[in-house]
Amino acid sequence: MSPTLPAAYSQAILRGIRCRCPRCGEGRLFRKWLKPLERCPVCTLDLTPQRADDFPAYIAMIVTGHLMAPLIIALSKDFHLGVAAMFAILVPLAVAMMIGMLQPAKGAVIATQWWFGMHGFRKERLPEPEAADAVGDTGQE
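Conventions we followed
- Residues numbered from 1 in each chain as written.
- Predicted model: local features only at pLDDT ≥ 70, side-chain atom pairs only at ≥ 80, totals over all residues.
- Heavy atoms only, no water.
- Axes fitted to C-alpha atoms, helices over the stretch in contact; angles between N-to-C directions.
- Helix = DSSP H or I, 4+ residues; strand = E, 2+ residues; numbered from the N terminus.
- Left-handed = near helix turned anticlockwise from the far one by under 90°.
- Contact = heavy atoms within 4.5 Å.
- Nonpolar A, V, L, I, M, F, W, Y, C, P; charged D, E, K, R; others polar.
- Patch = residues over 30% accessible without salt bridge, like charges linked within 9 Å, V, L, I, M, F, W, Y side chains within 5 Å.
- Areas by Shrake-Rupley, 256 points an atom, 1.4 Å probe, with all protein chains shown as cover.
- Salt bridge = Lys/Arg side-chain N within 4 Å of Asp/Glu carboxyl O.
- Phe/Tyr/Trp six-rings, centres within 6.5 Å; stacked < 30°, edge-to-face > 60°.
- Buried < 20%, exposed > 50% of the residue type's maximum accessible area, 1.4 Å probe, protein only.

## Examining the packing of helix H1 (residues 9–17) against helix H3 (residues 83–115)
Phase 1: Orientation of H1 relative to H3, taken along the N-to-C sense of each, is 145°, at an axis distance of 7 Å. Handedness of the H1/H3 crossing: right-handed. Along the contact surface, H1 presents Tyr9, Ala12, Ile13, Gly16 and Ile17, while H3 presents Pro104, Gly107, Ala108, Ala111, Thr112, Trp114 and Trp115.
Phase 2: Residues of the contact of H1 with H3, tallied by class, amount to nine nonpolar, three polar and no charged.

Right, here's the structure in full:
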């Protein structure tokens, strides 16, 4: 069975965000919360070269911080909440956002590494459409 390769980088990233194999889009990417499988169960893509390390956590922190900042400002200016109330609202929300973003962020990082052929992944692309035969189409007589 030949895998359905993504047509564009954005398609590979979306597959990774959905925690699916970036190559075929069907096989699951993780065996545990943040532990990738060694091979895709559908297309047998070797996932051992991935080196996501701490980058997904940095992505999750940056996104959480940028989404939380306006909320923090709005709560402090409009509602005049005390410190305890602010912590009671913001800390659980920030933790939930971070935990919810870690696995999709790691999937996106793995998909990026696969797409660009990084860390031992083989760069795979759909074949380029053949250029039309230009004989006689030069405009010259």
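Moving on, there is more to tell.
## Description of a nonpolar patch on the surface
Phase 1: A contiguous nonpolar patch, built from Trp33, Val83, Phe87, Val91, Val95 and Ile99 and spanning about 600 Å² of accessible area, is present on the exposed surface.
Phase 2: Along the chain, Ile99 falls in helix H3.

## Overview of the packing of aromatic side chains
Phase 1: Summed over all chains, the structure comprises three aromatic pairs.
Phase 2: Arranged with centres 6.3 Å apart and planes meeting at 45°, the rings of Tyr9 and Trp115 form a pair that is tilted. Residue Tyr9 is found in helix H1, and its partner Trp115 is found in helix H3; the two are separated by 106 residues along the sequence.
Phase 3: Overall, Trp115 belongs to the buried group, its relative accessible area being 7%.
Phase 4: Judged by centre distance (5.1 Å) and plane angle (50°), the rings of Tyr9 and Phe116 are tilted.

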